[in-house]
Amino acid sequence: MNAGHNESYSAAGVDVTAGYKAVELMKKHVARTKIPGVLEGIGGFGGLFALPDMLDIQEPVLVSGADGVGTKLQIARIMDKHDTIGVDAVAMCVNDIVCAGAKPLFFLDYIAAGKVIPEKIEQIVSGVAEGCVLAGCALIGGETAEHPGVMPDDEYDIAGFAVGIVDKSKILDKAAVRPGDAVIGIASSGVHSNGFSLTRKVLQTGKALLGNYSAELGRTFGEELLIPTKIYVKPVLTLLEKLPVRSVSHITGGGFYENIPRGISEGSGAVIELANIEIPPIFTLIQKTGGVPQRDMFNTYNMGVGMCVITAPEHADEAVRVLNGCGEKAKIIGEVKSGIEGVVLA
């Protein structure tokens, strides 16, 4: 730097006061997520959480997950709607955690923006808070970073990190899965947060298309694609309290072919009955518009099934009743069979 030439952080493109205002605006949203264990509000250097009374847990095990929402962010940016994308960030983490049988305790978010616009950050965090309320966990901290010159002013990225807890003896283990076990599918809310690179390429999701109303969807394309990822924590934990469950799989990136086998012991696979799956119209539109082969669809998207539960056949009907009683749409979609690998669509 030349002598006598003064610079400042604001001249470099970082507005510190905008960051302060964003924190103030988000505080009311964070307050909604407070649960027992939260020791202080946001603003400290670290988020503090005291482990709850664990008289019913003999060997506590912490289960963690970190994820983002991928290129779904581009849909939010084009639509200029930012109050649901935070739900997706929470969902992608807590839905993974509950697959171990764990209850999420707390969540932290990371938002990087080309320019911090406090009102936009507030919208994003309002979604994060809503996701935490739906998952029953607390938002105890995070980071909002301004990246001038690295990202365009109107762009941002969001990722998150969650921690849950489970008794070691109750950790779900795919080794317990047996041939003949039932595969139960729990309906998704739509595309969730995976496959958006393919979705955007096939549908050419510019502003014109996203604003178009679709009779098949019953809403605009933009509204459909921004439906938040469903959070399955509470229904799955309720099921675990009531019935023995072998394993749980989050149908996320990689669709059926990658994720269902993650919940099945070696030497077996799953036969999935296509007739038992209600495929939402958005997936049919993507497949027809892009000429996407069926295998690629089921290897990319959830195809209407956001979570799979595997249980012994004698518990399957009751498991479906419990999940439906929690407000979900669940049904038996297949069976575990020996001598096959991965997933077979029948």
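Note that the structure is a prediction, hence the values are computed from the model and not measured. (Residues numbered from 1 in each chain as written. Predicted model: local features only at pLDDT ≥ 70, side-chain atom pairs only at ≥ 80, totals over all residues. Heavy atoms only, no water.)

### Quick word on the overall build of the protein chain
Line of reasoning, step 1. Regarding its fold elements, the protein chain presents 12 helices and 12 strands.
Line of reasoning, step 2. The C-alpha atoms of the protein chain give 22 Å as radius of gyration, which agrees with the globular expectation for 346 residues (20 Å, within 12%).
Line of reasoning, step 3. If one aligns the C-alpha atoms of the protein chain with their principal axes, the spans along those axes are about 80 × 55 × 35 Å.
Line of reasoning, step 4. Evaluated residue by residue, the protein chain yields a buried proportion of 50% over its 346 residues.
Line of reasoning, step 5. When contacts within the protein chain are restricted to residue pairs at least 6 apart in sequence, long-range pairs at least 24 apart make up 85% of them.
Line of reasoning, step 6. Entry remark: accessible area of the protein chain is about 15,800 Å², with carbon and sulfur atoms responsible for 52%.
Line of reasoning, step 7. Taking the average location of the 30 positive side-chain charges in the protein chain and that of its 40 negative ones, the two points are 4 Å from each other. (Helix = DSSP H or I, 4+ residues; strand = E, 2+ residues; numbered from the N terminus. Rg over C-alpha atoms; globule rule 2.2 N^0.38 Å. Buried < 20%, exposed > 50% of the residue type's maximum accessible area, 1.4 Å probe, protein only. Contact = heavy atoms within 4.5 Å. Areas by Shrake-Rupley, 256 points an atom, 1.4 Å probe, with all protein chains shown as cover. Lys, Arg positive; Asp, Glu negative; His and termini not counted. Charge placed at Lys NZ, Arg CZ, Asp CG, Glu CD.)

### Description of the nonpolar core
Most often, soluble globular proteins have nonpolar side chains that are buried together.
Line of reasoning, step 1. Counting residues in each nonpolar core, the largest one holds 94 residues, and the members touching the most others are Phe107, Phe256, Ile260 and Ile272.
Line of reasoning, step 2. Ranked by the residues each element gives to this core, the list is headed by helix α3 (residues 85–98), at 9 residues.
Line of reasoning, step 3. What Ile260 contacts, discounting residues up to four positions off in sequence, is Ser249, Ile251, Gly255, Ala270, Ile272, Cys308 and Val343.
Line of reasoning, step 4. One finds Phe49, Phe106, Ala138 and Val163 within the second-largest nonpolar core, a separate group that totals 9 residues. (Core = buried A, V, L, I, M, F, W, Y, C linked by side-chain atoms within 4.5 Å.)

### Details of the sheet that holds strand β4 (residues 156–167)
Line of reasoning, step 1. The sheet built from 4 strands is open, its strands ordered β1-β4-β2-β3 with mixed pairing. With partners counted over all chains shown, the strands left at the sheet margins are β1 (60–68) and β3 (138–146), one partner each. When strand polarity is set aside, the average angle formed by the axes of neighbouring strands in this sheet is 15°.
Line of reasoning, step 2. Pairing of strand β2 (residues 103–113) with β4, which is carried by 10 bridges, proceeds in the antiparallel orientation. Paired with Phe107 across the two strands is Ala162, which belongs to β4. (Pairing = 2+ DSSP bridges. Axes fitted to C-alpha atoms, helices over the stretch in contact; angles between N-to-C directions.)

### Structural notes on the packing of helix α8 (residues 233–242) against helix α12 (residues 313–325)
Helix-helix packing is characterised by the crossing angle of the two axes and by the distance between the axes.
Line of reasoning, step 1. Running from N to C, α8 and α12 cross one another at 140°; their axes reach a closest spacing of 9 Å. The orientation of α8 relative to α12 falls into the category oblique. Considering how the two elements wind past one another, α8 and α12 form a crossing that is right-handed. Contact residues: α8 offers Pro235, Thr238, Leu239 and Lys242, while α12 offers Ala319, Val322 and Leu323.
Line of reasoning, step 2. Taken together, the residues of the contact of α8 with α12 break down into 5 nonpolar, 1 polar and 1 charged. (Parallel < 35°, antiparallel > 145°, perpendicular 65-115°, else oblique. Left-handed = near helix turned anticlockwise from the far one by under 90°. Nonpolar A, V, L, I, M, F, W, Y, C, P; charged D, E, K, R; others polar.)

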